[in-house]
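As a plain string of letters, each chain reads:
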Amino acid sequence: MAALLLRNVGRHCLRAHLGPQLCIRNWSLPMAMSICHRGTGIAVSTGVSLFGLSALLLPGNFESYLELVKSLGLGPALIHTAKFALVFPLMYHTWNGIRHLMWDLGKGLKIPQLYQSGVVVLVLTVLSSVGLAAM
């Protein structure tokens, strides 16, 4: 699915007559994961900052807001989906960060290993996100 999406992005860029500096024709998994790593880093830091600011500025405590969410009567499917959406960027950034630390040690830098470690990061991200969302 991801490969199909990446191919379609390249075709769109060719049809739009964008310059080569504005459009990458052949997206690779490591390149897409690098962009996502930066995006999840921004999302996680923004989320933590907003949570901290809200804890300082909003009246009440965490338990009162937790009771408010419980009183809304949202279904378990929506609650688990929201928890998954909150934890997914954190897990992706964590696992991909460990992958980058391994690269800093000089391990896994060959092209096939880049793709293998990318798939491992994606699988671990989904599994850990599902596990944490189920808690």
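Model, not experiment: these values are computed from the prediction. (Residues numbered from 1 in each chain as written. Predicted model: local features only at pLDDT ≥ 70, side-chain atom pairs only at ≥ 80, totals over all residues. Heavy atoms only, no water.)

Bringing the overall build of the chain into the picture now. A tally of regular secondary structure across the chain gives five helices and zero strands. Overall, the chain shows an N-to-C arrangement of helices and strands of α-α-α-α-α. Contacts spanning at least 24 positions in sequence make up 72% of the contacts within the chain whose residues lie at least 6 apart. For the chain, the accessible surface area stands at approximately 9,900 Å², while carbon and sulfur atoms represent 74% of it. (Helix = DSSP H or I, 4+ residues; strand = E, 2+ residues; numbered from the N terminus. Contact = heavy atoms within 4.5 Å. Areas by Shrake-Rupley, 256 points an atom, 1.4 Å probe, with all protein chains shown as cover.)

A complete count under the given rule lists two aromatic pairs for this structure. Judged by centre distance (6.4 Å) and plane angle (75°), the ring pair of F51 and F62 falls under edge-to-face. Here F62 lies in helix α3 (residues 62-71) and F51 lies in helix α2 (residues 29-57), a separation of eleven residues in the sequence. Using a relative accessible area of 52% as the deciding quantity, one classes F51 as exposed. Ring centres 5.6 Å apart and planes at 40° place the aromatic pair F84 and F88 in the tilted group. On the criterion of helical spacing, the pair formed by F84 and F88 is a turn pair, its members being four residues apart in helix α4 (residues 76-104). Since its relative accessible area comes to 28%, F84 is described here as partly exposed. (Phe/Tyr/Trp six-rings, centres within 6.5 Å; stacked < 30°, edge-to-face > 60°. Buried < 20%, exposed > 50% of the residue type's maximum accessible area, 1.4 Å probe, protein only.)

Quick look at the UniProt feature "transmembrane region" (unreviewed entry) in the chain now. Sites flagged by UniProt as "transmembrane region" (unreviewed entry) map to residues 41-62, 74-93 and 114-134. Secondary structure content for residues 74-93 is 90% helix and 0% strand, while the C-alpha to C-alpha distance between its ends is 28 Å. Taken as a whole, residues 114-134 contains 95% helix and 0% strand, while its terminal C-alpha atoms sit 30 Å from one another. (UniProt positions renumbered as here; feature names shortened; annotations may be inferred.)

Side chains of residues three or four places apart in an α-helix project in the same direction, reflecting 3.6 residues per turn. Across its 29 residues, α2 extends 41 Å between first and last C-alpha, which sits within 8% of the 42 Å expected from 1.5 Å per residue. Along α2, the residues classified as buried are P30, A32, M33, H37, T40 and G41. (Expected span 1.5 Å × (residues − 1).)

A separate point is the packing of α4 against helix α5 (residues 111-133). Interaxial distance between α4 and α5 falls to 8 Å at its minimum, and their mutual angle equals 145°. When you trace α4 past α5, the crossing you get is right-handed. Taken together, the residues of the contact of α4 with α5 sort by class into 15 nonpolar, seven polar and two charged. (Axes fitted to C-alpha atoms, helices over the stretch in contact; angles between N-to-C directions. Left-handed = near helix turned anticlockwise from the far one by under 90°. Nonpolar A, V, L, I, M, F, W, Y, C, P; charged D, E, K, R; others polar.)

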